[in-house]
Amino acid sequence: MKQFNFHVKPIGLLDMLHFKKLVPNRAEKLAEGANEQVTSVYKVNRMSEFMHPATQMLTIDEIIAHDDDTKTFILTGQYIAPFRAGQYLSVYLTIGESVITRPYSISSSPQWTKEGKYAVTVKRASDGFASDWILSNWKVGIQVTTSGPEGNFYYEPLRDAGHVIGVAGGSGITPFLSMAYAIRDGLEDFNLTLLYGSCAESDILYKLELAEIEKNCDKVKIIHVLSEEKTSCYEYGFITSELIKKYGGDHPYSIFLCGPPAMYNFVDKEIEKLKLESKYVRHELFTSPASPAGLDGYEGDVQKQYVLTVKRFGEQLSVPMKASETVLVALERAGIAAPSRCRGGECGWCRARLDKGETFTPSHLDGRRMADKTTGHIHPCCAYPLSDLTIDICPE
Amino acid sequence: MEHNYDVVVIGAGNGGLSAAASSAKMGLKTLLIEQHNLPGGFATSFVRGRFEFEPSLHEFCNIGTADDQGPARQLIDSYGVAVEWVPIEDAYRVITTGEGADNLDIIMPFGEDAYVDRMEEYVPSSRPSMEKFMALCKDIMDALAFIRKSSGKVDTKVMMKEHSNFLKCGGYSVNRVLKSLHMPEKAQRILCAYWCYLGVDCDKTNFALYATMLYKYLQTGAWIPKQRSHELSAGMDKRIREMGGDIWYNTRAKRILMKDGKITGVDTSHGTINCSHIIAGCSPNAIFGEMMDEKDVPEKQKRMVNARNFGGRGFVLYLGLNRSAEELGLKDYSYFIYGSMNTAKEVARAKDFNDHPMQATVCLNVANPDCSPKGTCIMSFTTLYTQDVWGDISTDEYVTKKREVAENMIRDFEEHVGVTLTQYIEEIEIATPVTMARYTLNPQGTMYSYESSDWDTLLARLMMLKDDQIVPGIRFAGGYGPRIYGYSSTYMNGDLTARLTATDIREEKAL
Ligand SMILES: Cc1cc2nc3c(=O)[nH]c(=O)nc-3n(C[C@H](O)[C@H](O)[C@H](O)COP(=O)(O)OP(=O)(O)OC[C@H]3O[C@@H](n4cnc5c(N)ncnc54)[C@H](O)[C@@H]3O)c2cc1C
Ligand code: FES
């Protein structure tokens, strides 16, 4: 050690004392702490619990039937989490042996949470399992369990253009309805032009509500586009680039899409013609297709049956699994409560470790973290088996 | 089904991961439980659109090159975890936006000599004091190694004789020692730019702590895992299992079970686990406040927890931009933008919201060019708060407040670095202390555990390792542990805690 001259205080011995004082000093300070119950829950922690509850117990307060295939359920709870217009709730269901979840966009105004209310709108899907069951089994007074509000399909002024063109198909209107309410109620500030595709006038959901909002709020414009019915007051055909240009006016505008896969397939090609930067095009979640047959890169045989071995918390069990279904669905059919939220590969909630076997994940649904791809992790909601599998899951 | 383990580790943050890895490696039957659905705590990643973001890490200290490994890399390597480490080129660019002496824009490199040389360029005649400073850093490192080896019982004679330089400064604050080295004020201030990594101003930061941190960065540089911190955490998960440990996610520790003053197990959201030892990666506040009955917590322990101050509560804005770093004109990886060079003033400002929050900002692509698709880049902007101010925001104002702070930070960055970002934002995410509380359950959403301020500094904590152990069978591995917060420190804490626990177990068996 080189000796050099510097003094914080003049005398060396004092330094030693000062150094030695570090311990008694700290001991003294520690002893000065209050002799009171310790806590780890502060204001911010309570806020986070309120805003992001693990689950919410809600009661069905009212049911509005739009037609035979579509109903809106008003769900109430005492303290319900606030949300951003466009977000969804994941609904927990037990149907027969199966324990499943389904995401439903919240269709009500964010304002409603003040009164303890959310609305979700459920439309029957062809071959629908959960939607069928909900439509016939959800009755006023029944309790349902949901997640907190989830998802990233909302307007963000720092990112999106001030003019948003919403492209909606069928029940894909629900997040836009919530956005339109939010604009009307002064909670969001942007111009929303909604291109809403339906088959025929009688299929339009929330026609009156949308018209009412449009009348009272000059920032919201609704254009109905009917694919199977020609009338003088509506656009006819599909939602094309021409139509977007006609109502979008000058760029910049952001396009938000929410609808069935067939709509995405068609409209995405139309949007390509507009040559927009990808930041201006945002999709609500894609959900995993009912079968991987015909998907790009899929080389499995959908007729096959496999065995799925599940490890959870030190236990192990095996269940049958079809090649045509996702690992998540196989789990749910077997009544194994596996975690899930978005069911479209994006949220990562279902993340599981693949111990053995091979799976196929469609590239457009693959929202895994980079390192997860190399450490053998899958998102079961969009992983289709290519062999027998062993996975490790941790139910909530 | 009965679950029996030697050690249960609560929380899979950095500290919990390394504690579980060391514990499993030593052959102890180990279970790691984590309330979230993946490992890492803050050391994770998240995906938005085409981007995978790094939530927290700016600079991992103590990694070093493959040939000249720092202690953190040695530890991680010893677990057999393969991480592709990417080096950071320069230490930092610091911009201060005030007037006169408070108006600066400089870039400091890694490497002891390079750092001193550059300082001389910016502050002529700073060299002698800078050289003294570096020599002092070396002495402190030696002294600390000696103190660590003497595990709580320091031989004062040896200290006086061999480590007198350390004794002269070890108990004082950064500012006091730098002054006594006759370092020009400007150099002092440039040297203090890392203060935000501790979240404490340089009047209150222990000199030995700051000097060793800076010196280690200069010596071994800073590194990041190529695939965000999640690469490291996922790699740890894999190796812990391969070494015989078990990991349960989505599992929350609820109660510590005790009989006759001894740990017998943990009640979790997935049942009871029998064990005699617990390593907590979560806060002492959670263990003693939420998981034990008040009557079982000794008075000394209660006082000890209540005496501590929480460290910085973080706010981070993440941007995925649809232009490359070059196109945007971003040449540096790490930017500190402060209002002034007076750290006490800066910390005082961080008490509350203000229009120009200090920021520690990173452009990931400058160090890690392939971290996002071609023609894009990733940035993160961090500021911190020294109080629970986000708790006073109503949920109605919350989104607007988040955006307001984000806008201020982007505006200041654009103005002082001379670039345009706003129109290129493709993805945006904002994490506040509320977000951090959600994902890590830390009290007040703190990212820096207990503040390492003057009296509660690393040195004092290390010397009191034994006194701090009050409830037998529970030790703290994360940022709340003896070696404080930060990636390198929490990894070391985890290992240290596991080794101490193994000793506890051995001693109990010998009885
Ligand atoms: C924005 C930001 C930037 C940073 N930059 C840097 C940097 O550049 N360099 C650096 O070195 N450090 C940096 N840090 C600090 C560093 O990230 C932290 O100090 C470190 O990660 C803390 O690790 P930890 O082990 O204490 O645990 P945490 O990450 O806090 O993890 C604790 C874990 O315990 C779990 N848990 C809590 N309670 C329970 C329970 N009851 N049951 C089960 N599980 C539970 C939590 O979910 C969490 O996973 C930064 C932090 C932030 C937020
Ligand atoms: S449920 Fe969201 S990724 Fe699988």
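Residues numbered from 1 in each chain as written. Chains lettered and ligands numbered in written order. Predicted model: local features only at pLDDT ≥ 70, side-chain atom pairs only at ≥ 80, totals over all residues. Heavy atoms only, no water.

1. A short note on the environment of tyrosine 196 of chain A
All names here are of chain A. Note on placement: tyrosine 196 falls in strand 8 (residues 191–198). Those residues in contact with tyrosine 196 that sit more than four places away from it in its chain are Ala168, Gly170, Ile173, Asp203, Ile204, Leu205, Leu210, Ile223, His224 and Val225. Side-chain polar atoms of tyrosine 196 contact the backbone nitrogen of leucine 205, separated by 3.0 Å. (Helix = DSSP H or I, 4+ residues; strand = E, 2+ residues; numbered from the N terminus. Contact = heavy atoms within 4.5 Å. Polar contact = N/O pair within 3.5 Å; in protein donor to acceptor, adjacent residues only side chain to side chain.)

2. Some remarks on the pairing of strand 12 (residues 271–274) of chain B
Two faces make up the sheet, and in a regular strand the side chains alternate between them. Here strand 11 (residues 262–268) of chain B pairs with strand 12 of chain B via 4 bridges, running antiparallel. Among the inter-strand pairings, threonine 268 of chain B is bridged to a residue of strand 12 of chain B, identified as glycine 271 of chain B. (Pairing = 2+ DSSP bridges.)

3. Describing the packing of aromatic side chains
As enumerated under the stated definition, the model contains 38 aromatic pairs over all chains in all. Taking 5.1 Å as the distance between ring centres and 45° as the angle between the ring planes, the aromatic pair formed by phenylalanine 238 of chain A and phenylalanine 266 of chain A counts as tilted. Of this pair, phenylalanine 238 of chain A sits in the loop between strand 10 (235–236) and helix 6 (241–248) while phenylalanine 266 of chain A sits in helix 7 (residues 261–273), and the two are 28 residues apart along the sequence. Exposure remark for phenylalanine 238 of chain A: the relative accessible area of 55% places this residue in the exposed category. Its relative accessible area of 32% is what places phenylalanine 266 of chain A among the partly exposed residues. Ring geometry for tyrosine 197 of chain B and tyrosine 217 of chain B: centres 6.1 Å apart, planes at 55°, overall tilted. In this pair, tyrosine 197 of chain B is assigned in helix 9 (residues 195–198) and tyrosine 217 of chain B in helix 10 (residues 207–220), connecting sequence segments 20 residues apart. Per residue, the accessibility class of tyrosine 197 of chain B equals that of tyrosine 217 of chain B, and both read buried. Through pairs of rings, three or more aromatic residues link up here, namely Tyr92, Tyr194, Trp195, Tyr197, Tyr217, Phe336 and Tyr338 of chain B. Here the guanidinium or amino end of lysine 117 of chain A rests over the ring plane of tryptophan 112 of chain A, the centre of that ring lying 4.5 Å away. Directly above the aromatic system of tryptophan 349 of chain A lies the positively charged group of arginine 341 of chain A, at a separation of 4.1 Å from the ring centroid. (Phe/Tyr/Trp six-rings, centres within 6.5 Å; stacked < 30°, edge-to-face > 60°. Buried < 20%, exposed > 50% of the residue type's maximum accessible area, 1.4 Å probe, protein only. Lys NZ or Arg CZ within 6 Å of the ring centre and 35° of its normal.)

4. Description of the packing of helix 2 (residues 43–51) of chain A against helix 18 (residues 433–440) of chain B
The geometry of helix 2 of chain A relative to helix 18 of chain B is characterised by a closest axis approach of 8 Å and an angle of 75° between their N-to-C directions. Taken together, helix 2 of chain A and helix 18 of chain B sit at an angle that is classed as roughly perpendicular. Contacts from Val44, Asn45, Met47, Ser48 and Met51 of chain A in helix 2 of chain A reach Pro433, Val434, Ala437 and Arg438 of chain B in helix 18 of chain B. A class-by-class count of the residues in the contact of helix 2 of chain A with helix 18 of chain B yields 6 nonpolar, 2 polar and 1 charged. (Axes fitted to C-alpha atoms, helices over the stretch in contact; angles between N-to-C directions. Parallel < 35°, antiparallel > 145°, perpendicular 65-115°, else oblique. Nonpolar A, V, L, I, M, F, W, Y, C, P; charged D, E, K, R; others polar.)

5. Section: the interface of chain A and chain B
It is common to report an interface's size as the accessible area lost on association of the parts. Counting from both sides, the interface comprises 75 residues of chain A and, opposite them, 106 residues of chain B. Regarding the contact of chain A and chain B, the summed buried area is about 8,000 Å², with carbon and sulfur atoms giving 60% of it. Seen at the junction of chain A and chain B, the total is 9 salt bridges. There are 31 residue pairs in polar contact (both at pLDDT 80 or more) connecting chain A and chain B. Counting residues per element, the side of chain A that touches chain B draws most heavily on helix 1 (residues 12–31) of chain A, which supplies 13 residues. Partitioned by chemical class, the residues of the side of chain A that touches chain B number 32 nonpolar, 19 polar and 24 charged. (Buried area = accessible area lost by both parts, 1.4 Å probe. Salt bridge = Lys/Arg side-chain N within 4 Å of Asp/Glu carboxyl O.)

6. Quick word on empty space enclosed by the protein
The tally for this structure, following the rule as stated, stands at 7 cavities of 30 Å³ or more. One number sums up the size of the largest cavity: a volume of about 310 Å³. Of all the elements in the fold, those that place two or more residues in the lining of the largest cavity are helix 12 (284–290), helix 13 (299–307), strand 19 (474–476) and helix 20 (487–510) of chain B. Residues that form the lining of the largest cavity fall into these classes: 13 nonpolar, 4 polar and 5 charged. As for the second largest cavity, its lining consists of 14 residues, of which Arg351, Ala352 and Cys394 of chain A together with Asn37 and Tyr249 of chain B are closest to the centre. Of the residues in the lining of the second largest cavity, the class split is 6 nonpolar, 3 polar and 5 charged. (1 Å grid on protein atoms, 1.4 Å probe; cavity = no way out; pocket = protein on both sides within 12 Å on 5 of 7 lines; lining within 4 Å. Points joined across faces, edges and corners; volume = space filled by probe spheres on them.)

7. Description of the domain arrangement of chain A
Taken domain by domain, chain A holds domain 1 (48–146), domain 2 (163–283) and domain 3 (305–392). For domain 2 of chain A versus domain 3 of chain A, the distance between C-alpha centres works out to 35 Å. (Domains from an automatic or database assignment.)

8. Side note on the nonpolar core
If you look at soluble globular proteins, the nonpolar side chains tend to sit buried side by side. Formed by 155 residues in total, the largest nonpolar core has its most connected members in Ile10, Phe133, Phe166, Tyr194 and Ile287 of chain B. When residues in this core are grouped by element, the largest group, 10 residues, is from helix 10 of chain B. In this structure isoleucine 10 of chain B touches Ile33, Ala253, Ile256, Val266, Ile278, Ile279, Ala280, Gly281, Cys282, Ile287 and Met291 of chain B, once residues within four positions along its chain are discounted. If you look at the next biggest cluster of nonpolar residues, it comprises 49 residues, including Tyr155, Phe190, Tyr206 and Tyr264 of chain A. (Core = buried A, V, L, I, M, F, W, Y, C linked by side-chain atoms within 4.5 Å.)

9. Considerations on the pattern of salt bridges
Side-chain pairing between opposite charges can occur once the charged atoms of the two side chains come close. Summed over all chains, the structure comprises 58 salt bridges over all chains. Note that aspartate 117 of chain B and arginine 127 of chain B form a salt bridge whose closest N and O atoms lie 3.0 Å from each other. Here aspartate 117 of chain B, found in helix 3 (residues 112–122), pairs with arginine 127 of chain B, found in helix 4 (residues 127–149); they are 10 residues apart in sequence, far enough to count as distant. Arginine 255 of chain B is the salt-bridge partner of aspartate 293 of chain B, the closest N and O atoms lying 2.8 Å from each other. Of the two residues, aspartate 293 of chain B is situated in the loop between helix 12 and helix 13 and arginine 255 of chain B in strand 10 (residues 253–259); the sequence distance between them amounts to 38 residues. For aspartate 293 of chain B, a relative accessible area of 36% corresponds to the partly exposed category. The structure contains a network of salt bridges with shared partners spanning Lys311, Arg353, Asp355 and Asp392 of chain A together with Asp237 and Arg241 of chain B.

10. Structural notes on the site of ligand 1
Residue and element names in this part refer to chain B. Around ligand 1, the structure places 38 residues, and the nearest of them are Glu34, Gln35, Ser56, His58 and Tyr487. With respect to ligand 1, the side chain of asparagine 442 contributes an N or O atom lying 2.9 Å from an oxygen atom. Listing elements by their share of the shell around ligand 1, those giving two or more residues are helix 1 (14–25), helix 18 and helix 20. The biggest single contributor to the shell around ligand 1 is helix 18, with 3 residues. Looking at side-chain class alone, the shell around ligand 1 contains 17 nonpolar, 18 polar and 3 charged residues. Two domains each donate at least three residues to the shell around ligand 1, and these are domain 1 (7–45 + 227–297 + 471–510) and domain 3 (312–440). (Near = heavy atom within 4 Å.)

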